[in-house]
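Read off the chains here:
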Amino acid sequence: MAPISIKRILISESVDPCCKKILQENGIQVTEKQNMSKDDLIAEIKDYDGLVVRSATKVTADVINATGNLQIIGRAGTGVDNVDVDTATKKGIIVMNTPSGNTISAAELTCTLLMSLSRHVPQAAMSMKAGNWDRKKFMGAEMYGKILGIVGLGRIGKEVATRMQSFGMKTIGYDPITPPEVTATWGVDQMSLEQLWPQCDYITVHTPLMPSTAGLLNDTSFAKCKKGVKVVNCARGGIIDEDALLRALESGQCGGAGLDVFVEEPPKNRALVNHPNVISCPHLGASTKEAQARCGQDIALQIVDMVMGKGLVGAVNAQVLASTFSPGSHQWIKLGEAVGVVLKSCTTSKQPFSQVQITTQGKHCKALDCPYILQFLVGAEPQRVPTACLSHWQPAVLKGHGFSSAPALRNR
Ligand SMILES: NC(=O)C1=CN([C@@H]2O[C@H](COP(=O)(O)OP(=O)(O)OC[C@H]3O[C@@H](n4cnc5c(N)ncnc54)[C@H](O)[C@@H]3O)[C@@H](O)[C@H]2O)C=CC1
Ligand SMILES: O=C(O)C(=O)COP(=O)(O)O
C-alpha cells in the first residue's frame, strides 16, 4: 500500500485522550476544537490532512469541498451517516470507522431501556424525587416469557439477543444478510417482518439508517403489531418513524418507547421526549469510558498504520481503498470486481454464495488478497456487503455477516 502523508489532524469532538496521545507519539500534530459551527469548521478544515469525529460533527459536502489536503476522515465509532461518504470518495478522501469498539455499550444501553420500559424505572424515580410514593401507578410486567423482536442482527443485535435471553425472553428477528442458520446458533429465530410484527411484546432496531430502513416501523407496521407493543431505538433516528410512533403512543397501539437517537439531535420537537410513556437519552449508546477508550485508540492506531503503509483497516469507502493500493494493483482490483459481476450474473439464487474460492496464478497476485477479495465482493454482492464487512474484510467477520464461508484466495 502506498503510504499516505498525514501531518496535522483536527479532532472536532470529545474523543478519548488516548487518541491524541497515540497520534502525537507518532509524529502527527493534533488540534482539538469542539462545538464548531459549520462555518467555523469550513474555515478551520483547510489546514488539516485528517479529521477525527464522532456523530455530532456533520461532515457535509460543503465541508468536504472546502478541504484542501484532507486525506482521511476518521469516525471514532460506528455510524458514518454524519459523513457524506460519496463526496469524500469523489475527492479521494478515505473514510474510516471503528465499528466494534462501542458494540457492548450500545447493546447494554438497549437492554437498560428494554428493562426500564418493563418496570417504569425512570418515571418511578422522577415521581419519588417529586415527593410521591405511588406504587399502583407503576405496575410493570415481567420480561420472562415475553417475545423480543430484533430487527438488524449484526454486532449489536446479537449482543442484545444473548443478554435478553438470560431474562427468559424468546428472541426472534429479521436481517436480510445474516443467515438464519447463523442467528440460530445464538438463539434467534429469523422470519419475515410480516411474521415478526404480530408476535412481539418488545421490538428493538439495530440497523444502519439508509433508504431501506428509514421508517421500518411506520403506521402500517405498527398496525400489524400487538396492541401495547414496546419499542426501542438505540440505532439511528428515523428507523422508527417519529410521527407514526407518536400516533401509536397516543392511540395505545404502542405501550412505550425507549429512544436514544432522534432524526434531529438534539430534537427541537419535544413531543416524543415529553410523552409520559417515552424514556429517552441524549444519544448515550457509546458514552461509556470503555467504549470511548476503545474507539479513540482504534481510530488513532488505524490512522497510524495507514500512514506507515502497514495496512488499511476500517475504511468504509472501498473505491478509495482501491485507489490507495499501488498503481500496479489497480488492474487486479478491477479484475476482482469484474469476476464478482460475472459470477453474480451466472447465478439466479437470491441467497449469498455458500462457498467461493478464487484461484490466481503467478507471483504478481500473491500480495493481493485483501483488495482483490473486497472488490470481488463489491462486484458480486454489492447490496449484501454491509459497511461492517467493507471495513473489517477479514474472513471471520465476513463469515459472521452472511457469507457462510468467506471467499478463499489461493495462489498457485
Ligand atoms: N446509540 C449509539 O450510540 C450507537 C448506535 N449505533 C448504531 O447501531 C446500529 C447497528 O450497529 P451495528 O450492530 O454495529 O451494525 P452492523 O453493521 O453490525 O449490523 C447492522 C445489521 O443491520 C442489518 N440490516 C441492514 N438492512 C436491514 C434491514 N432492512 N432490515 C433488517 N436488518 C438490516 C445488516 O445486515 C446488519 O447485519 C447502527 O445504526 C449504528 O450506527 C452503534 C453504536 C452506538
Ligand atoms: O457509533 C455510533 O454509531 C454512535 O451512534 C455513537 O455515536 P457517538 O460516538 O457517541 O457520537
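Residue positions are given per chain, counted from 1 along the sequence in the order it is written. Chain A is the first chain written and ligand 1 is the first ligand written, with later ones labelled in order. For this predicted model, a pLDDT threshold of at least 70 governs which residues receive local features, and a threshold of 80 or more governs which side-chain atom pairs are given and counted, while totals over whole chains, interfaces and linings are taken from all residues. Hydrogen atoms and water are omitted, and side-chain values are computed over all heavy atoms in the structure.

**Q** Mind showing me how you'd approach the sheet that holds strand 9 (residues 202–205) here?
**A** Strand order in this open sheet of seven strands is 8-7-6-9-10-11-12, and the pairing throughout is parallel. Two strands lie at the open edges of the sheet, namely strand 8 (188–190) and strand 12 (278–280), each paired on one side alone. Direction aside, neighbouring strands of the sheet carry axes that sit 20° apart on average. Pairing analysis gives five bridges linking strand 10 (residues 229–233) to strand 11 (residues 254–259), with the strands arranged parallel. Paired with Asn233 across the bridge in strand 11 is Leu259. In what follows, a contact means two residues having at least one pair of non-hydrogen atoms within 4.5 Å. Here an axis means a line fitted to C-alpha atoms, over the contact stretch when the element is a helix, while the angle between two N-to-C directions is reported on a 0 to 180 degree scale. Helix and strand assignments come from DSSP, with helices taken as H or I runs of at least 4 residues and strands as E runs of at least 2, each series counted from the N terminus. The sheet contacts of helix 11 (residues 242–251) involve strand 10, strand 11 and strand 12, and relative to strand 11 the element is tilted by about 140°. At least two bridges found by DSSP between two strands is the condition for calling them paired.

**Q** Is there a simple way to explain empty space enclosed by the protein in this structure?
**A** The gaps of empty space that remain are located by a probe, the size of a water molecule, rolled over the atoms. Buriedness for pockets is judged along seven lines, at least five of which must meet protein on both sides within 12 Å for an open set on the 1 Å grid over protein atoms alone, while cavities are sets there where a 1.4 Å probe fits but cannot get out, and lining residues have an atom within 4 Å of a point. Grid points are joined across faces, edges and corners, and a volume is the space filled by probe spheres set on the points. Scanning all chains against the criterion turns up two cavities of 30 Å³ or more. By volume, the largest cavity is sized at about 50 Å³. Forming the walls of the largest cavity are Ser116, Leu117, His120, Gln123, Lys230, Gly255, Gly256, Asn277 and Ile279. Looking at the lining of the largest cavity, the elements with two or more residues in it are helix 5 (103–119) and strand 11. Class assignment for the residues of the lining of the largest cavity results in two nonpolar, six polar and one charged. The volume enclosed by the second largest cavity comes to roughly 40 Å³. What lines the second largest cavity is simply Asn233, Gly237, Gly238, Ile240, Glu242, Leu245, Leu259, Val261, Phe262 and Leu272. In the scheme used here, Gly and all other residues not listed as nonpolar or charged are polar, with Ala, Val, Leu, Ile, Met, Phe, Trp, Tyr, Cys and Pro taken as nonpolar and Asp, Glu, Lys and Arg as charged.

**Q** Teacher, can you tell me more about helix 13 (residues 289–307) here?
**A** Since there are 3.6 residues in each turn of an α-helix, residues three or four apart along the chain are aligned in direction. Between the first and last residue of a helix there are one fewer steps than residues, each counted as 1.5 Å, and that sum is the expected span. The end-to-end C-alpha separation of helix 13 is 27 Å, in line with the 27 Å expected for 19 residues at 1.5 Å each. Residues of helix 13 that are buried: Ala291, Gln292, Cys295, Gly296, Ile299, Ala300, Gln302, Ile303, Val304 and Met306. On its buried face, helix 13 is in contact with strand 1 (8–11), helix 1 (17–25), strand 3 (50–53), strand 4 (72–75), strand 5 (94–97) and helix 5. Directly after helix 13, the chain includes Gly309, whose backbone phi takes a positive value near 75°. For each residue, the accessible area found with a 1.4 Å probe, counting protein chains only, is set against the maximum for its type, and the residue is called buried under 20%, exposed over 50%, and partly exposed in between.

**Q** Where do I start with the UniProt feature "domain: D-isomer specific 2-hydroxyacid dehydrogenase catalytic" (unreviewed entry) in the protein chain in this structure?
**A** UniProt positions are given in the numbering used here, feature names are shortened, and annotations may be inferred rather than shown by experiment. In this numbering, the UniProt entry assigns the feature "domain: D-isomer specific 2-hydroxyacid dehydrogenase catalytic" (unreviewed entry) to residues 9–317. A helix fraction of 37% and a strand fraction of 16% characterise residues 9–317, whose end C-alpha atoms lie 20 Å from each other.

**Q** Where do I start with the nonpolar core in this structure?
**A** Considering soluble globular proteins, one finds that nonpolar side chains tend to be buried as a cluster. Residue types Ala, Val, Leu, Ile, Met, Phe, Trp, Tyr and Cys, when buried and joined through side-chain atoms within 4.5 Å, form a set referred to as a nonpolar core. The biggest cluster of nonpolar side chains holds 30 residues, and the ones touching the most others in it are Ile203, Phe222, Val231 and Leu245. Those elements giving two or more residues to this core turn out to be strand 6 (147–151), helix 9 (193–196), strand 9, strand 10, helix 11 and strand 11. Examining the composition of this core, we find that five residues originate from one element, helix 11, more than from any other. Sequence-distant contacts of Val231, defined by excluding residues within four places in its chain, comprise Leu117, Ile203, Leu217, Phe222, Ile240, Leu245, Cys254, Gly256, Ala257 and Gly258. In this structure, Ile9, Val30, Ala300 and Leu312 belong to the second largest nonpolar core, which totals 24 residues.

**Q** Got a minute to help me understand the site of ligand 1 in this structure?
**A** Near ligand 1 you find 31 residues, and of these Arg155, Ile156, Asp175, Thr207 and Asp260 are the closest. Any pair of nitrogen or oxygen atoms within 3.5 Å is treated as a polar contact; in protein, a donor-acceptor pairing is required on top of that, and neighbouring residues in sequence qualify only through side-chain atoms on both sides. Interatomic distance of 3.5 Å between a backbone N/O atom of Gly79 and an oxygen atom of ligand 1. Take Ile156: an N or O atom from its main chain is 2.9 Å from an oxygen atom of ligand 1. Looking at the shell around ligand 1 residue by residue, the classes come out as 14 nonpolar, 13 polar and four charged. Residue proximity to a molecule or strand is established when one non-hydrogen atom of the residue lies within 4 Å of it.

**Q** For this particular structure, what's the right way to read unusual backbone geometry?
**A** The general pattern is negative phi for most residues beyond glycine and trans for most peptide bonds. Here the amide bond leading from Glu265 into Pro266 is cis, since omega sits at -5°, within 30 degrees of zero. Along the chain, Pro266 falls in the loop between strand 11 and helix 12 (271–274). Of note in the backbone geometry, Asn35 takes a positive phi value of approximately 55° without being a glycine. Structurally, Asn35 can be placed in the loop between strand 2 (29–32) and helix 2 (38–45). Asn35 gets classed as exposed once you look at its relative accessible area, which sits at 75%. Even without glycine at this site, His283 takes up a positive phi of about 50°. With respect to the helices and strands, His283 occurs in the loop between strand 12 and helix 13.

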